[in-house]
Amino acid sequence: MSNRSTSETALKRLGLVLGLTRLGLLAETLTRAFWPLWTIIFVAAAGVMMGALETFPLELIWALSFVAVLGIVWSVVRGLRRVKLPTREDAIARLDATLPGRPIQALRDTPSIGSADAGSRAIWQAHQDRMSARTQEARAVVPDLRLARLDPFGLRYTATLLLLIGLLFGSVARVGDIGEIASGGSGAALAAGPTWEGWIEPPSYTGKPALYLNDQPAGDLVIPEGSRVMLRLYGEVGALTLAETVSGRTGDVPSASETEQSFQVTQDGGLEIAGPGGIKWDVQVLRDGLPTINIIGAADTSARGEMTLPFEAFDDYEITGGTAQVTLDLDRVERLYGLALAPDARAPETVPLPLPIAGDRSAFEELLIEDFSKHVWAHLPVVVTLTAKDATDQTGQSAAVSLTLPARRFFDPLAAAVIEMRRDLLWSKDNASRVAQLMRAVSYKPVDGIFKRETDYLRLRTILRRLEAYKAYGLSDEKRDEIAEALWVLALDLEEGDLGDALARLQQAQERLAEAMKNGASDAEIEKLMQELREATDEYMRELARRNQQDGESSEGQQQAQNSIEMDQGDLQRMMDRILELMEQGRMAEAQQALEELQQMLENMQVTQGEGQGNEGNQAMEGLADTLREQQGLSDEAFRELQEQFNPNAQAGQSGENEGFNGGEGRGTAHDGTGGEGQGEGQDGTAQGEGQEPGQSEDGGLGERQQALRQELNRQMQNMPGQGTPEGDTARESLGRAGEAMEGAEEALRQDDLATAIDRQAEAMEALREGMRSLGEAMAQDQQQGAQGDAQTQGANRDPLGRSQGSRGSAGTEDGLLQGEDVYRQARRLLDEIRRRAGEAERPEVERNYLERLLDRF
């Protein structure tokens, strides 16, 4: 077979492939030649569909049209010059270039030498057969329509996007306006006569859509108040006129034949377009109603003293805002004691109402949460009125509700007394003399139990002196508010003061809970106080367990253990749950009795806990406790020095006032363990150096003592147990903050800045307490892990009845009663019996709960 016949046969077989490739080449040529043409057409069509012919002036439309036509002509001429129709040879070359070895060209070649040689002819024929086989794999070539090189700015994509926007948001019917403009706008207009268009846009807050007036039938037309009407009159001027009585316009009113008019609907009336194709409507305005708001429940008080007041609000469209106004109901106030005087003029308290963050605001329910604890009207009769406002600034009010203004309650007697004096001072500045007299009475010769800390007493006396000084020169509103804020902070410290001694904190929690029972506190307040009692009880038990571990080997401790009651956390928790249950049932007398029994048992109980972490942890806790006590004493001394700076002439009287703390005449034991006699001499001024101001001789000593205390804390941190545990790391971090605060106090003391020193010392004491709590948790965790890992430790694991569990041990002694396998058989029998009894539904719930806790533990 000749080369020509072979190549023709292959090309005939590739006829369809070559045809498609040729069409692809044609598409490439047309795309590259005419892409500016369809880009310009797309932009022009998008502008027409989006209403450019109706928006732009006629002159600008003609100018843009000329530019568009000029661009189209240029694009056509440019494209025609660049168009070159692809031939069959072009298609063959493009297809052959995509095949390996260019087999089509190889089939069309002839050998230049060796045609007479049989071997050469055989080789050539084999090559031809191989190339012919490759042509069978040929596929149509995909055209290359990429124009990035020709259109680097992407104009074709912008034009396509504009066309899609016009199709989606415009109207294809507007393309017909091109013919009207081309004919000068006269032919169609003259044929159709005068015409008009109009729209009604309701206010945005209504959420209603705009109305096309041409689609509204004649007759009644109801639209929202405040809607805007826009009209356009086409054709000969004066052929169509507007007549309306819905806007209430007076004065400068445009002509009725004005081609474009816009006005706002404010009242009922008529709207008429007179002339050919005219129409008339009787417009009825849909009035925007007043918003409605109501209080739908009683005010509640949270444990923190925040008032919660539920309310509901309604409006035609949406509520945009609101306020709650609290006014004193003076007629219902019991005018006794500090409230007997006429109150100072005070404007009603106004707070904003909360609104839904998302969703419908036309009808909703919300909660007004506000804290009025610091307000002078706290716990006094008030009248609450809610006001709601809509988008048109219309307001609606709720019915006035009389209630006692909810606020925080103080259960510590001294804190409650301070709060009452603060209220009297805010009630009337004329009460300043009475408040000062009460403060003197409270702080006169204080005895143990009234002031739990000497700093609280000194702070009260400082506030007293400031009040008397301000009163002597006229008590202004600013000074009164300053005194009230100081009394508030003092009352909070008295109520929530973090006591270093666990027993004192426990007693305080019990006293506050008992006081809440007597005063009828709310459920939230009771729950908060019960939680404080639980925390204080846990802290007291940890402290008691630590002391028991220290004295566990002494005969005296063993003698006490024989006459004491053994309890665990579960027993205490059940007793506190019982107290809470009695209070919820309103059986306050029984709850009070149960609380007293719990207090007695806590004072005499022996806690069934493990041996603890050992002497190292105990010594660390004792050392931190001593550091805390020394820091407290040092802070008290700094406060006394600050007080003497304010009133140096009253030093002689101070010793008598401090008698309740320092044991009389300044001879007692201070908080830091130093003798009180020297301090008393310092207060009397007999130990002061000549020419020195009061407190000057002490400041250097206080700074040195603060430095020594900080160094002692650093030494304790180096030997602290619990390293590597989260609780131990937290303890070290807290003690590190305490050291930094001590360093700041030391610098302030050396600079005679006692006020700053007292603040830094308070921060140091707070950080010390946090560190001690974290260290106690770390020791308790190590204690538990040690008890589980050391089965031979005597008394390390006991059951809720105080008896040894697991290996050898008896209910009353440490002697083994069972040996060998008897131990495991007896344990198995006990567990089976506990499971059986726990599954008996007829047993009391309390007993079954106890058995289930035993199973969980063992």
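Described below are features of the structure shown in this document. (Residues numbered from 1 in each chain as written. Predicted model: local features only at pLDDT ≥ 70, side-chain atom pairs only at ≥ 80, totals over all residues. Heavy atoms only, no water.)

## Quick notes on the pattern of salt bridges
For side chains of opposite charge, pairing can occur when their charged atoms come near one another.
In step 1: According to the stated counting rule, one finds 29 salt bridges in the structure shown.
In step 2: E225 is the salt-bridge partner of R287, the closest N and O atoms lying 3.2 Å from each other. Residue R287 is found in the loop between β8 (279-286) and β9 (292-295), and its partner E225 is found in the loop between β3 (219-224) and β4 (228-234); the two are separated by 62 residues along the sequence.
In step 3: A relative accessible area of 29% means that E225 is categorised as partly exposed.
In step 4: The partner of E420 in a salt bridge is R423, and the shortest N-O contact between them spans 3.9 Å. Of the two residues, E420 and R423 are both situated in helix α11 (residues 413-427); the distance of 3 residues between them amounts to about one turn of the helix. (Salt bridge = Lys/Arg side-chain N within 4 Å of Asp/Glu carboxyl O. Helix = DSSP H or I, 4+ residues; strand = E, 2+ residues; numbered from the N terminus. Buried < 20%, exposed > 50% of the residue type's maximum accessible area, 1.4 Å probe, protein only.)

## As for the packing of helix α2 (residues 15-49) against helix α4 (residues 58-82)
In step 1: At a closest axis distance of 9 Å, the pairing of α2 and α4 adopts a crossing angle of 175°. Our classification of the angle between α2 and α4 gives roughly antiparallel. For the pair α2 and α4, contact is made by T29, R32, A33, F34, W35, P36, L37, I40 and I41 and by A68, G71, I72, W74, S75, V76, R78, G79, L80 and R82, respectively. (Axes fitted to C-alpha atoms, helices over the stretch in contact; angles between N-to-C directions. Parallel < 35°, antiparallel > 145°, perpendicular 65-115°, else oblique. Contact = heavy atoms within 4.5 Å.)

## A few points about helix α14 (residues 477-496)
In step 1: Taking 1.5 Å of rise per residue, the 20 residues of α14 would be expected to cover 28 Å, and the 28 Å separating its terminal C-alpha atoms lies within 8% of that figure.
In step 2: Every buried residue belonging to α14 is among R480, I483, A484, A486, L487, W488, L490, A491, L494 and E495, and all of these are buried. (Expected span 1.5 Å × (residues − 1).)

## Looking at a nonpolar patch on the surface
In step 1: On the surface, V43, M50, L161, L162, I165, L168 and F169 cluster together into a nonpolar patch covering about 680 Å² of accessible area.
In step 2: When residues in the nonpolar patch are grouped by element, the largest group, 5 residues, is from helix α8 (residues 155-169).
In step 3: Assignment of secondary structure puts L168 in helix α8.
In step 4: Note on L168: relative accessible area 66%, which makes it exposed. (Patch = residues over 30% accessible without salt bridge, like charges linked within 9 Å, V, L, I, M, F, W, Y side chains within 5 Å. Areas by Shrake-Rupley, 256 points an atom, 1.4 Å probe, with all protein chains shown as cover.)

## Details of the sheet that holds strand β5 (residues 241-244)
In step 1: Strands sit in the order β3-β8-β7-β5 across an open sheet of 4 strands; the sheet is mixed. Single-partner strands in this sheet number two, and they are β3 and β5. Between one strand axis and the next, the sheet turns through 25° on average, direction left out of account.
In step 2: With 5 bridges joining them, strand β7 (residues 269-274) and β8 adopt antiparallel strand pairing. By the bridge assignment for β8, L271 is matched with W281. (Pairing = 2+ DSSP bridges.)

## Let's talk about the pairing of strand β15 (residues 381-390)
In step 1: Here β15 lies mainly inside the structure; 8 of its 10 residues are buried.
In step 2: Strand direction decides the pairing type here: strand β12 (residues 319-328) and β15, joined by 9 bridges, are antiparallel. Residue I319 lies in a different strand from β15, and its bridge partner there is D390.
In step 3: One ladder, built from 4 bridges, connects β15 with strand β17 (residues 401-404); its direction is antiparallel.

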